[in-house]
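Below, each chain spelled out in residue letters.
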Amino acid sequence: MSTSSSNNIAAVAASDDFDVMAAVGGWRGIIESVVPTLLFLGLYIATHDTMRAVIAALAVCIIFLAARAIQRVPVAPACGGLCAMAISAALVWKTGEASNVFFWGIILNAVYGIALLISLLVRWPLFGVLFSLATGMRMQWRQEKEYKDVKKRHYIVTWLWVVVFALRLAIELPLYYADATEALGIAKLILGLPLFALAAWFSWLIAPKGAILDQLKQAQQSSEVSEIPEVPEISQLEEESSSS
């Protein structure tokens, strides 16, 4: 889950209706996420030529990036995929181990999970922060008691994503150390977009919406109005100037 994916999940969770295609980045997002792994896995199973399989997957990532650049659409998602595959290719070339194609993804899952845990420990649940940014809301839910339910929801969703990354690590790490490349590739496909979409749906179910979100917006508008400095009337200014 990249930064753009995190922001996308927060935006989808804040919407009135859940859109699974928006959550996963549309058909383009599905293709860019699945095809490199599927291509590598298919070629590896068929030929057992690790470098040929990883170079083919890397070439597809380059094509995806070029297509985005030509069509003048955001290239950040394709750049992330290309960088990850390039790191994986370098690891495979250096070690000769096919399972290292998935090592960088395992590292990223650990980093994301740890980041979410830290946000919970310091009482800044990361989902709540991203949700507030996506909706333009302030962070008053962190301290004000009347938003206790909102705060609870942000904690639950953040814990949900901790579980997602922990589950991936619990399944993929043993397969990685067992050098079970085929099983690891299949696990990555199953625990990738399908699990991501399911977690996004639960995030949408739990996230503040409707009357709760309207209450947050009204409270913010009220606080913004109260912070506007009072402008003295013209008659008051004239009295002050005459007295001086």
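Presented here is an overview of the structure given in this document. (Residues numbered from 1 in each chain as written. Predicted model: local features only at pLDDT ≥ 70, side-chain atom pairs only at ≥ 80, totals over all residues. Heavy atoms only, no water.)

### Structural notes on the overall build of the protein chain
Per the secondary structure count, the protein chain includes 12 helices and zero strands. Mapped in sequence order, the helices and strands of the protein chain form the string α-α-α-α-α-α-α-α-α-α-α-α. Buried positions account for 36% of the 244 residues belonging to the protein chain. Within the protein chain, contacts between residues at least 6 apart in sequence are counted, and of these 70% link residues at least 24 apart. Approximately 13,700 Å² of the protein chain is accessible, and the part contributed by carbon and sulfur atoms is 66%. (Helix = DSSP H or I, 4+ residues; strand = E, 2+ residues; numbered from the N terminus. Buried < 20%, exposed > 50% of the residue type's maximum accessible area, 1.4 Å probe, protein only. Contact = heavy atoms within 4.5 Å. Areas by Shrake-Rupley, 256 points an atom, 1.4 Å probe, with all protein chains shown as cover.)

### Describing helix α6 (residues 103–121)
Between its first and last C-alpha, α6 extends 27 Å over 19 residues, near the 27 Å set by a 1.5 Å rise per residue. Taken together, the buried positions of α6 are occupied by Ile-106, Asn-109, Gly-113, Leu-116, Ser-119 and Leu-120. Buried residues in α6, looked at end-on, bunch into an arc of 155°, giving them a common side. Its buried side turned inward, α6 meets α7 (126–135) and α8 (148–177). Arg-123 sits one or two positions beyond α6 and adopts a positive phi of about 65°. (Expected span 1.5 Å × (residues − 1). Arc of directions from axis to C-beta.)

### A few points about the pattern of salt bridges
Applying the stated rule across the entire model yields four salt bridges. With its nearest N and O atoms 2.8 Å apart, the salt bridge here joins Arg-68 to Glu-32. Residue Arg-68 is found in helix α4 (residues 50–71), and its partner Glu-32 is found in helix α3 (residues 26–47); the two are separated by 36 residues along the sequence. Just as Arg-68 is buried, Glu-32 falls in that class too. When the shortest N-O distance is used, the salt bridge between Asp-49 and Arg-52 registers 3.6 Å. Overall, the relative accessible area of 28% leaves Asp-49 in the partly exposed class. The structure contains a network of salt bridges with shared partners spanning Arg-28, Glu-32 and Arg-68. (Salt bridge = Lys/Arg side-chain N within 4 Å of Asp/Glu carboxyl O.)

### Observations concerning the packing of aromatic side chains
Under the defined criterion, the tally for this structure stands at 10 aromatic pairs. For the pair Phe-18 and Trp-204, a centre-to-centre distance of 5.9 Å together with 45° between the ring planes defines the contact as tilted. Taken as a pair, Phe-18 in the loop between α1 (3–14) and α2 (20–24) and Trp-204 in helix α10 (residues 193–206) lie far apart in primary sequence, 186 residues in all. The class of Phe-18 is partly exposed, set by a relative accessible area of 23%. Ring geometry for Phe-40 versus Tyr-44: centroids 5.9 Å apart, planes at 10°, classification stacked. Taken together, the positions of Phe-40 and Tyr-44, both in helix α3 and four residues apart, correspond to about one turn of that helix. In this structure Phe-40 comes out as buried when scored by relative accessible area, which is 1%. Look at Tyr-44 and you get buried, because its relative accessible area is 12%. Among the aromatic residues, those joined into a ring-pair cluster are Tyr-112, Trp-161, Phe-165 and Phe-196. (Phe/Tyr/Trp six-rings, centres within 6.5 Å; stacked < 30°, edge-to-face > 60°.)

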